[in-house]
Amino acid sequence: MDFYKFLNSSEYDFLRTNPRLSARIILLGLGGSYAYGTNNENSDVDFRGVTLNLPSDLIGLTEFEQYEDGRTDTVIYSFNKIIKLLLNCNPNVIEILGLDDDQYFIRTTLGQELLNNRGLFLSKLAARSFGGYADAQLRRLQNAAARDYMPQKEREQHIYRSVQHALDDFKRKNERIAAGRAEIYIAPSDRPEFDTEIFLDVEYKHLPLRDYGNMLGTMNSVVRNYDRIGKRNNKKDDDHLNKHAMHLIRLFMMAIDILERGEIKTHRIKEHDLLQSIRRGDFKQGDKGFSAEFYKILSDYEKRLEEAMRISKLPDRPDMEAVARFVERVNRKVVMGDV
């Protein structure tokens, strides 16, 4: 497909006429299915990019985070905004740093600098967040597709793992919670509608009530999401579920790359056939959800992710001083008009 033809059409004139974009864009590339190599005849063309902040954003009173054009599925992030998202290894954003060379259509000197510094944003904390996002979202999909046939005991195990990820993430962000003990586990239930149930043991002293409430709210929101999504929406046809299953397996693949090799690989060439097979519905069993083979694939990726997290040589957290030096160097050029 000729993507330059898209970009040169009148629909994309905003890229050339908007004063916050045009010559200030330092990176522009593919997003969505075309970026992953999982597109089909029905796929939309998405573009993602990075634009420099204005000097007034940095030393004045103006603010700018991103520009979105819904007609063309284009999102352009400000430089400062994308740095914050990259530090959290946001799955929907960090992929812009892992495109193939021919998938970039604007790449200035500063854009190349951002690509060269992609490693600054990778850490065990960020990769775990990335993998946890994939894991939680995939389990929600499983619950939506399989609620009518998956045994309650097995379904509770899926929910447990998602809640555990949420609890771990909350502990990392809250020192008071991490200082005490909060443990979840599965045990036989007294409720007639449950075989097993998730239980919580906690032990804290002098913990602010709001912190405790936020922790419980975080875990409860995961359970509520399962219950809500588990009530299958008839408007979600099989194609929609298959597409989500494909993309969520892809997230596992990307998380493993980050942990094992410190690489961001957006275009999934090696796994193309598997991902497209999932998208076509080859692993779907009508109204009974996904096949045992699909769950075997899922289980294998879960094990690989756990092992990758265990042996990863990434730092525990991003080097904030190095990131700060990079950001300051770029923004100093903006303020001095040297871009």
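Before reading further, recall that the structure is shown in the block above.
Predicted model, so just to flag it, every value in this text is computed and none were measured.

What to know about the overall build of the protein
Here's step 1: Each helix and strand counted, the protein has 15 helices and seven strands in total.
Here's step 2: Out of the 339 residues belonging to the protein, those deemed buried represent 49%.
Here's step 3: The long-range share in the protein, meaning contacts at least 24 apart out of those at least 6 apart in sequence, stands at 71%.
Here's step 4: Only carbon and sulfur atoms are counted for the fraction: they give 48% of the accessible area of the protein, which is about 17900 Å².

Quick look at the sheet that holds strand 3 (residues 66-69)
Sheet strands pair by backbone hydrogen bonding; their relative direction is either parallel or antiparallel.
Here's step 1: Overall, mixed pairing links the five strands, which are arranged 3-4-2-1-5 in an open sheet. The open sheet has two edge strands with one neighbour each: strand 3 and strand 5 (104-107). Here the average twist between neighbouring strands, direction ignored, is 15 degrees.
Here's step 2: Looking at chain direction, strand 2 (residues 46-51) and strand 4 (residues 74-78) are connected through five bridges and run parallel. Pairing of Arg48 across the sheet is with Val75, part of strand 4.

Things to note about helix 12 (residues 238-261)
Side chains of residues three or four places apart in an α-helix project in the same direction, reflecting 3.6 residues per turn.
Here's step 1: Compared with the 34 Å implied by 1.5 Å per residue over 24 residues, the 34 Å span of helix 12 between its first and last C-alpha is a close match.
Here's step 2: Burial of helix 12 is extensive: 17 of the 24 residues sit out of reach of the surface.
Here's step 3: Positive phi shows up at Gly262, right after helix 12, with a value of about 65 degrees.

Overview of the environment of Arg20
Here's step 1: Position of Arg20 among the secondary structure elements: in the loop between helix 2 (14-17) and strand 1 (25-31).
Here's step 2: Here Asp57 takes part through its side chain, which lies 2.7 Å from a polar atom of the side chain of Arg20.

Describing the environment of Arg71
Here's step 1: Relative to the elements of secondary structure, Arg71 occurs in the loop between strand 3 and strand 4.
Here's step 2: The exposure class assigned to Arg71 is exposed, which follows from its relative accessible area of 62%.
Here's step 3: When the C-alpha atoms of Arg71 and Tyr12 are compared, they prove to be 9.5 Å apart, with 59 residues separating the residues in sequence.

About the criteria used
Residue indices follow the written sequence of each chain, beginning from 1 at its first position. Selection of residues for local features in this predicted model requires a pLDDT of at least 70, selection of side-chain atom pairs for listing and counting requires 80 or more, and totals for whole chains, interfaces and linings are taken over all residues. With hydrogens and water stripped out, all remaining heavy atoms of the structure feed into the side-chain values. For helices the rule is a DSSP run of H or I covering at least 4 residues; for strands it is a run of E covering at least 2, with both sets numbered from the N terminus onward. Burial here depends on accessible area, computed with a 1.4 Å probe over protein chains only, as a share of the maximum for the residue type. Under 20% is buried, over 50% is exposed, and the range in between is partly exposed. Contacts between residues were defined by any pair of non-hydrogen atoms, one from each residue, lying within 4.5 Å. Per-residue and other accessible areas follow the Shrake-Rupley method at a 1.4 Å probe size, with only the shown protein chains counted as cover for residues. We call two strands paired when DSSP finds no fewer than two bridges between them. Throughout, an axis means a line fitted to C-alpha atoms (over the contacting stretch in the case of helices), and angles, computed between N-to-C directions, take values from 0 to 180 degrees. Expected span, for any helix, means 1.5 Å times one less than how many residues it has. By the criterion applied in these results, polar contacts are pairs of N or O atoms within 3.5 Å in which, for protein atoms, one can donate a hydrogen and the other can accept it, and in which residues neighboring in sequence qualify only through two side-chain atoms.

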